[in-house]
Amino acid sequence: MRAFISGTGLIGASVGAALRASGWNVVGWDPDSASTSRALAMGALDAVQPDPDLNGFDLILLAGPVAAIVETVRTLETTALVTDVAGVKSVVVEAASHLSRFVGGHPMAGRESSGPAAASAAMFQGANWILTSDGAENDDLAAMSKVVTAMGAVPLVMTAAEHDSSVASVSHVPQVVASALVNLVAGDDGALSLAAGGFRDLTRIALSEPAWWTDILTENGRQVGSLIRALGSELADWADRIEAGDRPAVSAALERARTTRRALAAPVASIQVLLEDRPGEIARVGRALAETRADVRDLQLRHATRGGGGVLTLSVRHGQEQSLREALESDGFRLVD
């Protein structure tokens, strides 16, 4: 099977690497020749095609910014199966309405870094990958589901409108909130000097590529704008409770949020390990993991702001935490209870 990828940045190169790992022959193109060269060098592509000729491909994947995808798909003429990875779907599906075989797509995975240097064939392992049903044939949806599954992702089928509404709340508005919070304290050196793990975790996605997000936010503007106004109303309610000193109301609101957030947590057990500021600490943790054969589902390293070690949070399958705790403590680590 042969795939053509237009756009070899972070997501395009990651798709290329994942497709190659599952047996595809992958050809890529990007307006930035340095991007395709890097993608080729890191194993995301079998070949680079400077002048796109779409004959002979089984799958064409559009992986540029939303505006570029819309511009490309509007003029695209092919009988191959076409898909994309844009973070907003209605505008892309509309632009692709003339194609006989199109299934819109959106892998719910990524990093703050951009470009093929940060790409990985493992990017989509366990991630949801939205496939849009608008105008799509059942055979094409089944084919794309098979492709997505082969890359380790979980295909979810919905309409473009359903997608845009859902991601506005769980992806697009959080991007705005993170950026707004950073802008709120920008220039306040005193506040920024105190910023610790909570602030950095909450605002991590403010590091994302601005040009990419400008496209997504404006193309999904109606949904995002409506939710931002709803969030403003919610924040105003919080301000009223707090300024009034209404402790029961504040506590109830915090508890509602805590309960909802807990339901999102993966079924794992977490262990917090205190790390000293010295070489070899991570290697020692690795030995404990190898010894216990614990299945790590997630990890997070929170450094002290100005050095001095940090806290490593390891999330493992339930039932494996006790043996890992014992191995870590026997190697001299201190754990947070």
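Residues numbered from 1 in each chain as written. Predicted model: local features only at pLDDT ≥ 70, side-chain atom pairs only at ≥ 80, totals over all residues. Heavy atoms only, no water.

Participant: Where do I start with the nonpolar core in this structure?
Facilitator: Here is a general trend for soluble globular proteins: nonpolar side chains tend to be buried in one another's company. Core analysis: the biggest nonpolar cluster contains 33 residues, and V15, L19, F124 and W129 have the highest contact counts within it. Mapped onto this core, the elements with two or more residues apiece are strand 1 (2-6), helix 1 (10-21), strand 4 (59-62), strand 8 (128-132) and helix 5 (138-150). If you look at the next biggest cluster of nonpolar residues, it comprises 25 residues, including I69, V82, L99 and A160. (Core = buried A, V, L, I, M, F, W, Y, C linked by side-chain atoms within 4.5 Å. Buried < 20%, exposed > 50% of the residue type's maximum accessible area, 1.4 Å probe, protein only. Helix = DSSP H or I, 4+ residues; strand = E, 2+ residues; numbered from the N terminus.)

Participant: What's the story with the pairing of strand 1 in this structure? I'm lost.
Facilitator: On a regular strand, one side chain projects to one face of the sheet and the next to the other, so that they alternate. Here strand 1 lies mainly inside the structure; 4 of its 5 residues are buried. Read from strand 1 through helix 1 to strand 2 (residues 25-29), the crossover connection turns out right-handed. In this structure, strand 1 lies alongside strand 4, joined through 4 bridges in parallel fashion. For S6, the partnering residue across the bridge sits in strand 4 and is L62. (Right-handed = clockwise from strand over helix to strand, strands pointing away. Pairing = 2+ DSSP bridges.)

Participant: Mind showing me how you'd approach the packing of helix 10 (residues 221-243) against helix 11 (residues 247-264) here?
Facilitator: Each pair of packed helices gets described by two things: the angle between the helix axes and the distance between those axes. Put simply, helix 10 and helix 11 touch, their axes get as near as 9 Å, and they point 140° apart. Relative to helix 11, helix 10 is oriented oblique. Note on element contacts: helix 11 touches helix 10 through A249, V250, A253, L254 and R256, opposite W238, R241 and I242. (Axes fitted to C-alpha atoms, helices over the stretch in contact; angles between N-to-C directions. Parallel < 35°, antiparallel > 145°, perpendicular 65-115°, else oblique. Contact = heavy atoms within 4.5 Å.)

Participant: Help me understand the sheet that holds strand 3 (residues 47-48) in this model?
Facilitator: What links the strands of a sheet is backbone hydrogen bonding, and the strands pair in either a parallel or an antiparallel sense. The strand order across the open sheet built from 6 strands is 3-2-1-4-5-6, with neighbouring strands paired in parallel fashion. A single partner strand is all that each edge strand has here, and the edge strands are strand 3 and strand 6 (102-103). Pairing geometry for strand 1 and strand 2, over 5 bridges, is parallel. Residue pairing across strands places R2 opposite N25, the latter belonging to strand 2. Across the sheet, helix 1 is in contact with strand 1, strand 2 and strand 4; its angle to strand 1 comes to roughly 170°.

Participant: Explain the packing of helix 12 (residues 281-292) against helix 13 (residues 321-330) to me, please; I cannot follow it from the model alone.
Facilitator: Between helix 12 and helix 13, the shortest axis-to-axis distance is 9 Å and the interhelical angle comes to 140°. If you check the angle between helix 12 and helix 13, you find them oblique. Where helix 12 crosses over helix 13, the handedness of that crossing is right-handed. Taken together, the residues of helix 13 that come into contact with helix 12 (itself represented by V285, A288, L289, E291 and T292) are S323, L324, A327 and L328. Residues that form the contact of helix 12 with helix 13 fall into these classes: 6 nonpolar, 2 polar and 1 charged. (Left-handed = near helix turned anticlockwise from the far one by under 90°. Nonpolar A, V, L, I, M, F, W, Y, C, P; charged D, E, K, R; others polar.)

Participant: Can you help me understand the packing of aromatic side chains in this one?
Facilitator: Any pair of aromatic rings gets described here by the distance separating the centres and the angle formed by the planes. Scanning the model with the defined rule gives 2 aromatic pairs in all. Seen from their ring centres, F4 and F57 are 5.4 Å apart, and the 55° between their planes marks the pair as tilted. Taken together, the positions of F4 in strand 1 and F57 in the loop between strand 3 and strand 4 put the pair 53 residues apart, joining distant regions of the chain. Over the face of the ring belonging to F333 we find R284, whose NZ or CZ atom lies 4.0 Å from the ring centre. (Phe/Tyr/Trp six-rings, centres within 6.5 Å; stacked < 30°, edge-to-face > 60°. Lys NZ or Arg CZ within 6 Å of the ring centre and 35° of its normal.)

Participant: Is there a simple way to explain helix 12 in this structure?
Facilitator: Every α-helix winds through 3.6 residues per turn, so residues three or four apart in the chain are directed the same way. The end-to-end C-alpha distance of helix 12 is 17 Å, a good match for the 16 Å that 12 residues give at a rise of 1.5 Å each. Within helix 12, the full set of buried residues consists of E281, R284, V285, A288, L289 and T292. Along helix 12, the residues classed as buried sweep out an arc of 145° about the axis, all on the same side. Across helix 12 from its buried face, at more than 90 degrees, point the exposed residues A290 and E291. R293, located one to two residues past helix 12, shows a positive phi value of around 55°. (Expected span 1.5 Å × (residues − 1). Arc of directions from axis to C-beta.)

What is shown is where atoms sit, not what they do.
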